[in-house]
Structures are given as structure tokens and as C-alpha cells.
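# Descriptive analysis of the structure
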Amino acid sequence: MSALKDKLRADLTASMRNRDEVRTRTLRMALAAVNVEEVSGKAARELTDDEVLKVLTKEAKKRREAAEAFTGAGRAEQAQAELDEQAVLEGYLPAQLSDEELAAIVDEAVAESGASGPQAMGQVMKLVNPKVAGRAEGGRVAQVVRARLSS
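Thresholds, definitions, all that
Residues numbered from 1 in each chain as written. Predicted model: local features only at pLDDT ≥ 70, side-chain atom pairs only at ≥ 80, totals over all residues. Heavy atoms only, no water. Helix = DSSP H or I, 4+ residues; strand = E, 2+ residues; numbered from the N terminus. Expected span 1.5 Å × (residues − 1). Buried < 20%, exposed > 50% of the residue type's maximum accessible area, 1.4 Å probe, protein only. Contact = heavy atoms within 4.5 Å. Polar contact = N/O pair within 3.5 Å; in protein donor to acceptor, adjacent residues only side chain to side chain. Salt bridge = Lys/Arg side-chain N within 4 Å of Asp/Glu carboxyl O.

For the α-helix, the turn length of 3.6 residues means that residues three or four positions removed from each other point alike. Helix length check: helix α3 (residues 49–72), at 24 residues, gives a terminal C-alpha distance of 35 Å against a target of 34 Å (1.5 Å per residue), a fit within 8%. For α3, the set of buried residues is V52, V55, L56, E59, A60, R63 and A67. At its buried positions, α3 is contacted by α1 (3–17), α2 (21–39) and α4 (76–90). G74, located one to two residues past α3, shows a positive phi value of around 75°.

Structure representation (C-alpha cells):
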């Protein structure tokens, strides 16, 4: 079993003992998402730590998008609940890259590939994605690559 999944379960037990409703609710949701991922496909399998991180990243993104939707609809209380859940999930994710760090990785990939112009975006993304895996959202990476190639 992955160490991250064990940590999620242990933290769930601790949050239940401490009667921390937000953390308990969030960890239950995260473990349910991990279990769904484990049984999806042709055969059930154990997820690796990297796969569990991908599931947690996806869940955190869902919370952020839901909070934006609730805020746009004028439902501040639900938006705050989603942001609270997102904060719990982000405690298990690797630290996000700063704009400067991401720009440096993109610049390095552009220099390495010799790419120029927007048509080379896929080529650069192929080099950048493994380096930023889990530490920067795909849309944010694409935006930086697009800006760099068009300048």
C-alpha cells in the first residue's frame, strides 16, 4: 500500500478523534476518490504514491473550481467550505512552483528544444510536463509556454 494512502487513513482517524468535521469530511472524500480510481479499469489495483497525488490534485482542482462557481453565484458560505476542503488537500500535495521557477523551467525547455513560434508548443510541453509534474497546474504551464513562444 502506498505510504501516502496510509497517511491519509491515519490522519482521518486522528481527525475523527479530534472531531474536526472539515478535515474528516475532506479526507473521507479523498480516500473515496482514491478507492474509485483503484477499482476503475479492467482490474482492481493498488495506486502508487504518484497516482494518489494525481487523484488529490484533481480533487483540489475540483474544490477550487467549485469555490469560484459559488463565489460567482453569491454563495459565500459554500465557497468558503470548498476553500477549506482545498486547503486540507493541499497539505498533502507538493509545494507549487513560483512563477519565477516555472518560467526558468520553461526557458530551459525552449532552449533545449530549440523551439520557436507557437506551433512548437507541444514539443516544449513534452519537455516541461515531466519536470513540473504535480507542482504546477497544466493550464498555468501552457499559459507560460504560450507566452514564451509568442515573444
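Picking up where we left off.
Here we take up unusual backbone geometry. Although it is not a glycine, R19 sits at a positive phi angle of roughly 55°. Within the fold, R19 resides in the loop between α1 and α2. Overall, R19 belongs to the exposed group, its relative accessible area being 72%.

Note on placement: K131 falls in helix α6 (residues 121–132). Each C-alpha atom of the pair K131 and A44 lies 29 Å from the other, and the pair is 87 residues apart in sequence. For K131, the contacting residues outside a window of four places in its chain are I105, E108 and E112. In terms of polar contacts, K131 uses its side chain to reach the side chain of E108, at 3.1 Å.

So, about the pattern of salt bridges. Applying the stated criterion across every chain yields a total of 13 salt bridges. Among the salt bridges present, the one from R63 reaches E59, with a minimum N-O distance of 3.5 Å. Of this pair, R63 and E59 both sit in helix α3, separated by four residues, roughly a single helical turn. Accessibility expressed as a relative area gives 8% for E59, which makes it buried. Here K61 and E65 are joined by a salt bridge, their closest N and O atoms 4.0 Å apart. Here K61 pairs with E65, and both are found in helix α3, just four residues apart, close to one helical turn. Take K61: its relative accessible area is 35%, and that puts it in the partly exposed class. Overall, E65 belongs to the partly exposed group, its relative accessible area being 43%. Through salt bridges with shared partners, one network takes in R25, E59, K62, R63, E82 and E85.

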